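A closer look at the structure
So you can see what is in the structure, the chains are spelled out below.
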Amino acid sequence: MTEIRHTAPPAPARTSPRWRRPALVAAAAAAVVATFTVALPSGESTPAASKEAVSLLEEVALAAEKAQAPTDVRDDQFVYIRSKGGWTTQTGDGPARLQPVHQREVWLSVDGSREGMLHAPHVRSDHEPLEKQTPGIPSNTNYRHLQTLPTDPDEMYEWLNSVSEGGNSKDEANFFLVGDLSRESLVPPAQAAALYRAAAKIPGVFVVDDAVDAAGRHGVAVARIDDGERVELIFDKKTKEFLGEREVAVEDLPGGFEKGEVTGRFAVLERAVVDKRGERP
């Protein structure tokens, strides 16, 4: 789910896997983003997730299982998520730039049948309506649909494979989708646990011992490298709660970023269920 592609209903596909930004924003706020691809040498395969990553994701899954699920959630309610972040944009032939960190709020229909709302003044999206989700689409991310997803990690991995889109490989797309669901949806505890155990099956995943989200919080991350960037999903070191995301160049990039520079960061600050679109907890 990217800000780039709200010309169509929200979905996990990406226009550019390198410069990823949250979903659910109007086309008027979207930048024109260049896509660069890097192919693996012929015959080269990605190693399995590291033992450290598998262990960390199991801890994250156990924490997710114990999380308190919202009770008595009604179809007419909304999932509220408050966050902050900034991602890379590029307009025309100009240089790629990292956005300043900015505030963002979304209200997402519990069952997908009602318009949601985005409040992100930095992109002139002031309480902007968000499209309803089309019923029956396997990649829907409304709370009611997420409740129907598998609780078995193998079956969840099959679901990731069946609905993830974008990137240069299925592994890359799967890891992006895990991040999307962690960042801007409300995944029920059993499904969240299965999601993180499924993430441990994605080749190329490893641990970054210290990563910083857009709110300045330090955590431990599971990460993957694609297209010259390291994408980090950051968790609290003690509670294993999802904090946010960071992207870092691991080589000099065509858009102008140098090795070691941050190319995107995001932080989830609050997540709740509210009665009305526009209502805050």
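The preceding data block contains the structure.
Residues numbered from 1 in each chain as written. Predicted model: local features only at pLDDT ≥ 70, side-chain atom pairs only at ≥ 80, totals over all residues. Heavy atoms only, no water.

**What to know about the nonpolar core**
- In terms of nonpolar packing, the biggest core is built from 51 residues, with W159, V178, Y196, V205 and V222 touching the most fellow members.
- Per-element accounting of this core gives the leading share, seven residues, to helix 5 (residues 189–199).
- Once residues lying within four places of it in the same chain are set aside, the contact partners of Y196 are L57, V60, A61, A64, V178, S182, F235 and F242.
- One finds V208, A211, A223 and L243 within the second-largest nonpolar core, a separate group that totals six residues. (Core = buried A, V, L, I, M, F, W, Y, C linked by side-chain atoms within 4.5 Å. Buried < 20%, exposed > 50% of the residue type's maximum accessible area, 1.4 Å probe, protein only. Helix = DSSP H or I, 4+ residues; strand = E, 2+ residues; numbered from the N terminus. Contact = heavy atoms within 4.5 Å.)

**Examining the side chain of S164**
- Here S164 shows up in the loop between helix 3 (153–163) and helix 4 (170–183).
- Looking at S164, its side chain comes within polar contact range of the main-chain oxygen of L160, at 2.9 Å.
- Apart from the residues within four sequence positions on either side, S164 is in contact with K170, A173, N174 and L177. (Polar contact = N/O pair within 3.5 Å; in protein donor to acceptor, adjacent residues only side chain to side chain.)

**Some remarks on the environment of F78**
- Here F78 shows up in strand 1 (residues 78–89).
- When the C-alpha atoms of F78 and V274 are compared, they prove to be 5.4 Å apart, with 196 residues separating the residues in sequence.

**Side note on the layout of surface pockets**
- The volume enclosed by the largest pocket comes to roughly 770 Å³.
- Lining the largest pocket are 31 residues; nearest its centre among them are A67, L186, V187, E241 and R271.
- Listing elements by their share of the lining of the largest pocket, those giving two or more residues are helix 1 (51–66), helix 4, helix 5, strand 9 (242–249) and strand 10 (262–274).
- Looking at the lining of the largest pocket, the element that brings in the most residues is strand 10, giving six residues.
- Classifying every residue of the lining of the largest pocket by side-chain character gives 21 nonpolar, five polar and five charged. (1 Å grid on protein atoms, 1.4 Å probe; cavity = no way out; pocket = protein on both sides within 12 Å on 5 of 7 lines; lining within 4 Å. Points joined across faces, edges and corners; volume = space filled by probe spheres on them. Nonpolar A, V, L, I, M, F, W, Y, C, P; charged D, E, K, R; others polar.)

**What about the pairing of strand 7 (residues 218–226)?**
- Among the nine residues of strand 7, seven are classified as buried, and the element is accordingly described as predominantly covered.
- Of the pairings in the sheet, the one linking strand 6 (residues 206–212) to strand 7 comprises five bridges and is antiparallel in character. Within the sheet, the bridge partner assigned to V208 lies in strand 7 and is A221.
- As defined by bridge partners, strand 7 adjoins strand 8 (residues 229–235) across seven bridges and the pair is classed as antiparallel. Along strand 8, the bridge assignment pairs A221 with I234.
- Counting the residues that bridge the hairpin from strand 7 to strand 8 gives two residues, and of these D227 lies at a positive phi of roughly 55 degrees. (Pairing = 2+ DSSP bridges.)

**Observations regarding unusual backbone geometry**
- In this structure, D227 is a non-glycine residue whose phi angle is positive, near 55 degrees.
- By the secondary structure assignment, D227 is in the loop between strand 7 and strand 8.
- The phi dihedral of K240 falls on the positive side, at around 65 degrees, and the residue is not glycine.
- With respect to the helices, strands and loops of the structure, K240 is situated in the loop between strand 8 and strand 9.
- Overall, K240 belongs to the buried group, its relative accessible area being 13%.

**Notes on empty space enclosed by the protein**
- One pass over the structure, following the stated rule, counts two cavities of 30 Å³ or more.
- Put simply, the second largest cavity is a space of about 40 Å³.
- V79, L108, S109, T141, N142, Y143, S185 and L186 together form the lining of the second largest cavity.
- By residue class, the composition of the lining of the second largest cavity is four nonpolar, four polar and no charged.

**Here's the deal with the packing of helix 3 against helix 4**
- For the pair helix 3 and helix 4, interaxial distance at closest approach is 9 Å and the crossing angle is 105 degrees. Classified by the interaxial angle, the pair formed by helix 3 and helix 4 is roughly perpendicular. Listed contacts from helix 4 to Y157, W159, L160, N161 and V163 of helix 3 are K170, D171, N174, L177, V178 and L181.
- Among the residues forming the contact of helix 3 with helix 4, the class breakdown is seven nonpolar, two polar and two charged. (Axes fitted to C-alpha atoms, helices over the stretch in contact; angles between N-to-C directions. Parallel < 35°, antiparallel > 145°, perpendicular 65-115°, else oblique.)

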